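Given next are the chains, with one letter for each unit.
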Amino acid sequence: MKEILEKLEKLSTGRPLELIQEKAAGKKVIEYFGDYVPEQWMTAAGVEDYLIMRGGDPQPPEATLDYMLRFMNPLADSMVGNYLLGLDAVMPIADKIVIQQHDSHYGRMCEVLEYKGLPVYKVGVPADYTVDISREYYRGELGDFRKMLEELTGKPLDEEAVRTCYAKTNEINYWLRKIDELRKKDNPPITFSDFIRLNHYTMRVDYDTSIEALKQIYAELENAPGAHAENAPRILIMGRAVAQGDYVVPSIIENAGGAIVTEFLDEAIRPFKNDIPVEGDIVENYAKAIYDDKVPQCIFQPAWETRFEHLKELIKEYNVDAVLWYQLAFDEIYDMEHTCVAKWIKDINVPMMKLETSYEYSREAMAPLTTRLESFVDSIKEIKEAK
Amino acid sequence: MARDVNRELLELAAFEGEELEAFLPRWLETAKRCKLDDDKVAYALDVYLPQIWDLKYLGVRKMIGAYLRELADIVHTPEMKESGVKILYGILPAIANYYYAAKIAGGDKIFIGFPDLLMVNTLNSFFHAAGPFLNVAEEYGFTYGCRHCPLNKMRLGAYVTGTIAAPDLIWSWGFNCDEGPKTDEMIQGITGKKWN
């Protein structure tokens, strides 16, 4: 598996250069953010797309302070900060920067990109996702996005090509689910660090490469021994995102003897449990699978009770011993949800620890962070042993 | 003779004669519910109001009076609700004409107010005294470190202390922020479904 991951890492790292070359050869390039922007349509339209999902570095958020208040979450900050620092090679050459508008943090940061003169295109995503007017609105937004794509490429969107792309991403989802299923074993053969990296790679490399790699990894893992210590505490990580590059916290937990066996994350992860039907209307299928029927994001409303029910299902399904609430600094809605979850989770007697990150992983910050996470893992071990 | 600071306050706010006498008991109850003791009112009279507001203008003093009346209404919503009046709240920013329409349709059977705005504005602008409610909200989970909005904190703090009634309907808007509408979900999550 190591070799496959290294190969995917190399391809993933080389993707910006590939896009620069494609752009020079006349191809259109779109950098985008969010599950509510259909990547399959861009691929089907022959556009080269690149998902914004990098985080874990403190410098990009700092770089935005000339333009923005410091009270923005560091992942949204990174979207702009990476551009300002020249760390995002795709944004300056992108024909469009398509960003879903589901959340104020991304809304505000988009305005900085607009202020810098970049070609931002917004896809509106209403928070009250259960009502008809919102569902119609989102479908309308998808319709507008389609028109924009058609104008950009100068040709109608090929619906058959979209269906093919849906089928491909469904196949990626299928293999991710197969690998994910292995995480339910007493000792999962894959760590979260590798699983989330794998997710990130599938959003960087082309569909066929992803499918082939996932198939091979599954074949290797199917009967592989566990990747963790025996009887390791089983942890669920919950929050907005573990971004590409933000791997410090999972690594510390794993090094301390914990096993993160599942996740409940809203962004920077492929929605691999939500396939998009191939037959039928392409807009309706996408909207229904990704907007109407998916477990709501934290920002949606009402969401938290539904999300807590989902959390309970995950805890049961993956035999979870404890929850790590992984919160981005100044991410106020997740902070509020945490208050409710902390109250409700007491009733099911599952320990939960809240950890906030501003992507500050300096040497000075690492020692207390490591101590805290090690203590968390140790305390869960003790609880588990006492049972 | 002990100083009657609440009477002085109402006089400063351009209440006079029968109107003052009629409002004084309601104001005393309002001050009690808002944790405005005599020391706080005296501080407002002697220091804070003269420092912050240009009190030589009658309009300014009448504006203070209008806010005191609004505050009195807001903190008496529990009694209103008990007597069958429907409670409709809003948050800012909002489009006002819907509230006017509701008021025209509902008349005296409906009370409309913006509780957090009125409480933060009145308590902080005239008494520098919103803090206790914000502290309660922090104890209930609106953490300090995340820099939550004081208006939303006030909504929670005022409700959990029993200072305002649960609304029959709250019309929350999310023009510029996500937190306003989500605060209602949080209040429900903490206190239950009475908060609509």
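Above this text you will find the structure in question.
Residues numbered from 1 in each chain as written. Chains lettered and ligands numbered in written order. Predicted model: local features only at pLDDT ≥ 70, side-chain atom pairs only at ≥ 80, totals over all residues. Heavy atoms only, no water.

**As for the interface of chain A and chain B**
- With 25 residues of chain A in contact, the opposing surface of chain B contributes 20 residues.
- Summed over both partners, the interface of chain A with chain B comes to about 1,700 Å²; 55% of that surface belongs to carbon and sulfur atoms.
- For chain A, the biggest contributors to the area lost against chain B are Gln301(A), Met336(A) and Thr339(A); these three give 27% of the whole.
- Joining chain A to chain B, the criterion identifies 1 salt bridge.
- Lys193(B) serves as the salt-bridge partner of Glu305(A), at 2.7 Å between the closest nitrogen and oxygen.
- Joining chain A to chain B, the criterion identifies 12 residue pairs in polar contact (both at pLDDT 80 or more).
- Contributing elements (two or more residues each) for the side of chain A that touches chain B: α5 (104–115), α12 (304–317) and α13 (332–345) of chain A.
- Looking at the side of chain A that touches chain B residue by residue, the class counts come to 12 nonpolar, 4 polar and 9 charged. (Contact = heavy atoms within 4.5 Å. Buried area = accessible area lost by both parts, 1.4 Å probe. Salt bridge = Lys/Arg side-chain N within 4 Å of Asp/Glu carboxyl O. Polar contact = N/O pair within 3.5 Å; in protein donor to acceptor, adjacent residues only side chain to side chain. Helix = DSSP H or I, 4+ residues; strand = E, 2+ residues; numbered from the N terminus. Nonpolar A, V, L, I, M, F, W, Y, C, P; charged D, E, K, R; others polar.)

**Some thoughts on unusual backbone geometry**
- Omega for the peptide link from Gln301(A) to Pro302(A) comes to -5°, which places this bond in the cis form.
- Along the polypeptide, Pro302(A) turns up in the loop between α11 (282–292) and α12.
- Leu92(B) connects to Pro93(B) through a cis peptide bond whose omega is -10°.
- Despite not being glycine, Tyr359(A) shows a phi value in the positive range, around 65°.
- Tracing the backbone shows Tyr359(A) in the loop between β8 (352–357) and α14 (363–386).
- Take Tyr359(A): its relative accessible area is 0%, and that puts it in the buried class. (Buried < 20%, exposed > 50% of the residue type's maximum accessible area, 1.4 Å probe, protein only.)

**Description of a nonpolar patch on the surface**
- Nonpolar side chains collect at one region of the surface, where Ile95(B), Tyr98(B), Trp171(B) and Phe175(B) lie side by side and expose about 370 Å² of accessible area between them.
- Its place among the elements puts Phe175(B) in the loop between β3 (169–171) and α10 (179–191). (Patch = residues over 30% accessible without salt bridge, like charges linked within 9 Å, V, L, I, M, F, W, Y side chains within 5 Å. Areas by Shrake-Rupley, 256 points an atom, 1.4 Å probe, with all protein chains shown as cover.)

**With respect to a negative patch on the surface**
Residues and elements named next belong to chain A.
- Together, Glu3, Glu6, Glu9 and Glu220 give the surface a local cluster of negative charge.
- Considering each element in turn, the negative patch owes the most residues, 3 residues, to helix α1 (residues 2–24).
- In this structure, glutamate 9 sits in helix α1.
- Residue glutamate 9 is classed as partly exposed on the basis of its relative accessible area, which comes to 36%. (Lys, Arg positive; Asp, Glu negative; His and termini not counted. Charge placed at Lys NZ, Arg CZ, Asp CG, Glu CD.)

**Quick look at the sheet that holds strand β7 (residues 322–328) of chain A**
Residues and elements named next belong to chain A.
- Taken in spatial order, the 4 strands make up an open sheet running β6-β5-β7-β8, and their pairing is parallel. Each edge of the open sheet carries a strand with a single partner, namely β6 (259–267) and β8. When strand polarity is set aside, the average angle formed by the axes of neighbouring strands in this sheet is 20°.
- In this sheet, β8 lies alongside β7 in parallel orientation, the contact comprising 6 bridges. Each bridged residue has a counterpart across the sheet, and for tryptophan 325 the counterpart in β8 is lysine 354.
- The strands that α14 touches are β5 (234–241), β7 and β8; relative to β8, the one it contacts most, it runs at about 165°. (Pairing = 2+ DSSP bridges. Axes fitted to C-alpha atoms, helices over the stretch in contact; angles between N-to-C directions.)

Nothing here speaks to function; it is all geometry.
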